[in-house]
Amino acid sequence: MSPLILKGVRPYGEGDPVDVLIRDGVIAAIGAYDETSATLDGHPVHPGGTTSGDVTSGGTGHRTVEGGGAVLLPGFVDLHTHLREPGREDTETIATGSAAAALGGYTAVFAMANTDPVADNAVVVEHVARRGREVGLVDVHPVGAVTVGLGGERLAELGTMAKAGVRVFSDDGHCVHDPLIMRRALEYSKALDVVVAQHAEEPRLTVGAQAHEGEQAARLGLQGWPAAAEEAVVARDCLLAAQVGARLHVCHVSTAGTADVLAWAKARGTEVSAEVTPHHLLLTDERLATYDPVNKVNPPLRTAADVERLRQALADGVIDCVATDHAPHAVQDKDVEWSAARPGMLGLQTALSIVVETMLRPGLLDWRGVARVLSERPAEIAGLPDQGRPIAVGEPANLTLVDPDARWTVRGAELASIAANTPFEGMELPGRVVATLLRGRVTATGGRVAA
Ligand code: DOR
Ligand code: ZN
C-alpha cells in the first residue's frame with residue numbers, strides 16, 4: 001500500500017496542526033510535509049494529489065487525508081458490542097456492525113456471546129473471529145460465554161476458548177449470579193490471564209422488572225429494577241476477585257451506588273475495572289414518560305443524580321472507560337408494548353458524540369481524557385497490544401480523526417446497522433468522526449466505509 005499523509009491534524013487536540021506520515025501500517029513520521037523536497041520530517045515521500053476531506057490516491061505516490069485541523073486520537077476500542085451474528089442476521093451482521101463501528105471511529109470491538117448459537121465454545125468464537133477478519137473493517141474479538149448456553153449453571157470451556165484467542169468472557173444479558181460459579185470463573189480467568197466481564201444483576205431482585213425502581217416507575221406503573229440488584233453483585237464480585245486475586249470487569253455501570261462500591265474496592269487494591277455506556281451518561285428515566293420502548297434498556301435508564309455521579313466517576317477514573325452496549329433489535333421485537341419490548345439500543349455511531357456532549361463540553365474530560373476512556377483503557381483491560389497506543393513514531397496506525405466543531409442530526413435509518421433503534425433519533429449532537437484508520441488502511445471517511 002502506498003504511504004498515507006494525514007495533513008493538518010492535531011494529536012489529542014493539542015498544539016498547532018501537524019502532518020502524519022503512515023507507511024506499512026505504522027506511524028513513520030510526525031512533522032511538516034515539505035512539498036518542494038517531498039519530505040516529512042526528513043522522510044522522503046513520493047508526491048501525490050489531494051482533495052479535501054477525502055482520500056486521494058496520488059498514483060504511484062502517496063495518498064492524502066486533509067485533516068483541516070481535526071483532532072487525531074487513537075482508534076476507539078469497544079469492550080461491549082452485540083453483533084447478532086450468528087442467529088439474528090435480520091438485525092445486524094458482522095459486516096453491518098463492523099461498518100457501524102468503523103464509522104463510529106472504532107478500530108476494535110468485542111462481540112458479545114449472547115448469539116444463537118451462544119459463543120460458548122471454540123467453534124462459534126472462531127467463526128466470529130474469521131468473519132470479522134474477512135470483513136476487515138475493524139478487529140472483531142469474540143467474547144466467550146462464562147457458562148454453557150448462558151445458563152449460569154455449568155462453566156463453559158474457558159480454556160479451549162482462551163486457546164482459540166478469547167481474551168474476555170461474559171454472560172452479558174445474564175448475570176453470573178451463582179457465587180460459586182463466579183468464583184470458579186475468576187479462578188480460571190486468573191490462570192488463563194483473561195478477564196471476566198460481569199453483567200451485574202441479581203436476578204431474584206429483578207423478576208419482571210421494567211424500569212428503574214423509583215418515583216418514575218411508580219408513576220408509570222412499571223415494575224421496578226432496584227439499584228441494589230446491581231450494586232450487591234458488584235460488591236460481591238469485588239470481594240470474590242480480591243479473594244481469588246483475579247481481575248474483574250464490570251459491564252454497564254448504571255447507578256451512583258455502584259460507583260461508590262467501585263471507589264471502595266479500588267481504594268482497597270482490588271483489580272477491578274468498569275465501563276459506562278453513552279446512554280447512561282446522557283439519558284434518565286424521565287424519558288420513559290412516553291412509554292416509547294426505544295428507551296428500554298438493561299440496566300435501565302436511572303435518575304439525574306445517577307447520571308451526574310457516573311460522569312464524575314468516569315472523569316476521576318473510578319469508572320475506567322466507555323463501552324457502547326450496542327444492541328440492535330428488529331422492529332417486531334422493539335416497537336411493541338413496553339413490557340414485551342426487548343431491552344437495548346444502538347450505540348456505535350453515536351458514542352463519540354455523546355462523550356463530547358456529556359464529558360468534553362462540560363469540561364469533565366479533555367481530548368486526552370477522551371482518548372483514555374474510548375481507546376487506551378479498554379485496550380489495556382482487554383490486553384490488546386496494538387490498540388490504544390500513543391500517537392507516536394513507530395506505533396501502529398490505528399487512528400481516529402474527529403471534527404470537534406461538526407454538528408449532526410441522528411437518523412436511525414441512515415446508520416449502518418440493519419436495525420434502527422437509536423434513542424438519539426432527531427437529536428443534534430456535537431463532534432463527528434472524519435476518518436478511521438486500521439493499521440494504516442482507511443476504513444471509513446466522509447461518512448462512508450471503505451469499499
Ligand atoms: O439492554 C441490553 N441489551 N442489555 C443487555 O444486557 C443485553 C442487550 C441485548 O443483547 O440486547
Ligand atoms: Zn448487559
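Residues numbered from 1 in each chain as written. Chains lettered and ligands numbered in written order. Predicted model: local features only at pLDDT ≥ 70, side-chain atom pairs only at ≥ 80, totals over all residues. Heavy atoms only, no water.

Once that is clear, we can look at the layout of surface pockets. The method is simple in principle: a probe with the dimensions of a water molecule rolls over the atoms, and the space it marks as empty is what remains. Approximately 880 Å³ is the volume attributed to the largest pocket. Forming the walls of the largest pocket are 44 residues, and the residues nearest its centre are Asn114, Gly173, His174, Asn298 and Pro343. If you add up the space inside the second largest pocket, you get close to 320 Å³. Leu103, Gln349, Trp408, Arg432 and Gly447 are the residues nearest the centre of the second largest pocket, which is lined by 20 residues in total. Listed by contribution, the elements that provide at least two residues to the lining of the second largest pocket are helix H11 (351-360), strand S19 (399-409) and strand S20 (428-438). It is S20 that contributes the most residues to the lining of the second largest pocket, four residues altogether. Of the residues that constitute the lining of the second largest pocket, the class distribution is nine nonpolar, eight polar and three charged. (1 Å grid on protein atoms, 1.4 Å probe; cavity = no way out; pocket = protein on both sides within 12 Å on 5 of 7 lines; lining within 4 Å. Points joined across faces, edges and corners; volume = space filled by probe spheres on them. Helix = DSSP H or I, 4+ residues; strand = E, 2+ residues; numbered from the N terminus. Nonpolar A, V, L, I, M, F, W, Y, C, P; charged D, E, K, R; others polar.)

Right, let's talk about the coordination of the zinc ion (ligand 2) for a bit. All of the protein donors around the zinc ion (ligand 2) are Asp172 (OD), His199 (ND1) and His252 (NE2); their distances to the metal are 1.8 to 2.3 Å. Metal-centred angles of 87 to 130° between the four donor atoms at the zinc ion (ligand 2) mark the site as tetrahedral. Mapped onto the sequence, the donors of the zinc ion (ligand 2) take the spacing D-x26-H-x52-H. Here aspartate 172 is found in the loop between strand S12 (168-169) and helix H4 (179-192), whereas its partner histidine 199 is found in the loop between strand S13 (195-198) and strand S14 (211-212), with 27 residues between them in sequence. Both residues of the pair, aspartate 172 and histidine 199, count as buried. (Donors = N, O, S within 2.8 Å, 3.2 Å for Na, K, Ca; no water. Tetrahedral: all angles 85-135°; square planar, octahedral: opposite > 155°, others 65-115°. Buried < 20%, exposed > 50% of the residue type's maximum accessible area, 1.4 Å probe, protein only.)

Side chains bearing opposite charge may pair, as long as their charged atoms lie close to each other. One pass over the full model with this rule turns up 19 salt bridges. Arginine 88 serves as the salt-bridge partner of aspartate 333, at 2.9 Å between the closest nitrogen and oxygen. Here aspartate 333 is found in helix H10 (residues 331-334), whereas its partner arginine 88 is found in the loop between strand S9 (76-81) and helix H1 (94-103), with 245 residues between them in sequence. A residue is classified by how much of its surface remains accessible, and aspartate 333, at 13% relative accessible area, is buried. Among the charged side chains, a salt-bridge network with shared partners connects Arg88, Asp90, Asp333 and Arg342. (Salt bridge = Lys/Arg side-chain N within 4 Å of Asp/Glu carboxyl O.)

To continue, consider the UniProt feature "binding site: Zn(2+) 2" (unreviewed entry) in the protein chain. The sites that UniProt annotates as "binding site: Zn(2+) 2" (unreviewed entry) are Asp172, His199 and His252. The named residues occupy 81 residues along the chain; their greatest pairwise C-alpha distance, 9.9 Å, places them in one compact cluster. Lining residues of the largest pocket drawn from the annotated list: Asp172, His199 and His252. The exposure class of aspartate 172 is buried, given its relative accessible area of 4%. Apart from the residues within four sequence positions on either side, aspartate 172 is in contact with His80, His82, Met112, Asn114, His199, Cys251, His252 and Asp325. Reaching out from aspartate 172, the side chain makes a polar contact with the side chain of histidine 80 at a distance of 2.9 Å. Considering the arrangement of structural elements, one finds histidine 252 in the loop between strand S16 (248-250) and helix H7 (256-267). Beyond its immediate stretch of four places on either side in the chain, histidine 252 contacts His80, Asp172, His199, Glu230, Glu275, Thr277, Asn298, Pro299 and Asp325. At 3.1 Å, the side chain of histidine 252 and the side chain of aspartate 172 are in polar contact. (UniProt positions renumbered as here; feature names shortened; annotations may be inferred. Contact = heavy atoms within 4.5 Å. Polar contact = N/O pair within 3.5 Å; in protein donor to acceptor, adjacent residues only side chain to side chain.)

Looking now at the site of ligand 1. Looking at ligand 1, there are 14 residues lining it, with Arg84, Asn114, Asn298, His329 and Pro343 nearest. Note that an oxygen atom of ligand 1 is positioned 2.9 Å from one of the side-chain N or O atoms of asparagine 114. Contacts to ligand 1 include asparagine 298, whose backbone N or O atom sits 2.7 Å from a nitrogen atom. When atoms are counted within 2 Å of each cavity's grid points, the one that captures over half of ligand 1 is the largest pocket. Of the residues belonging to the shell around ligand 1, the class tally is three nonpolar, eight polar and three charged. (Near = heavy atom within 4 Å. Sits in = over half its atoms within 2 Å of the grid points.)

All right, on to the UniProt feature "domain: Dihydroorotase catalytic" (unreviewed entry) in the protein chain then. Sites flagged by UniProt as "domain: Dihydroorotase catalytic" (unreviewed entry) map to residues 69-255. As annotated, residues 69-255 has a helix share of 36% and a strand share of 19%, and its two end C-alpha atoms lie 38 Å apart.

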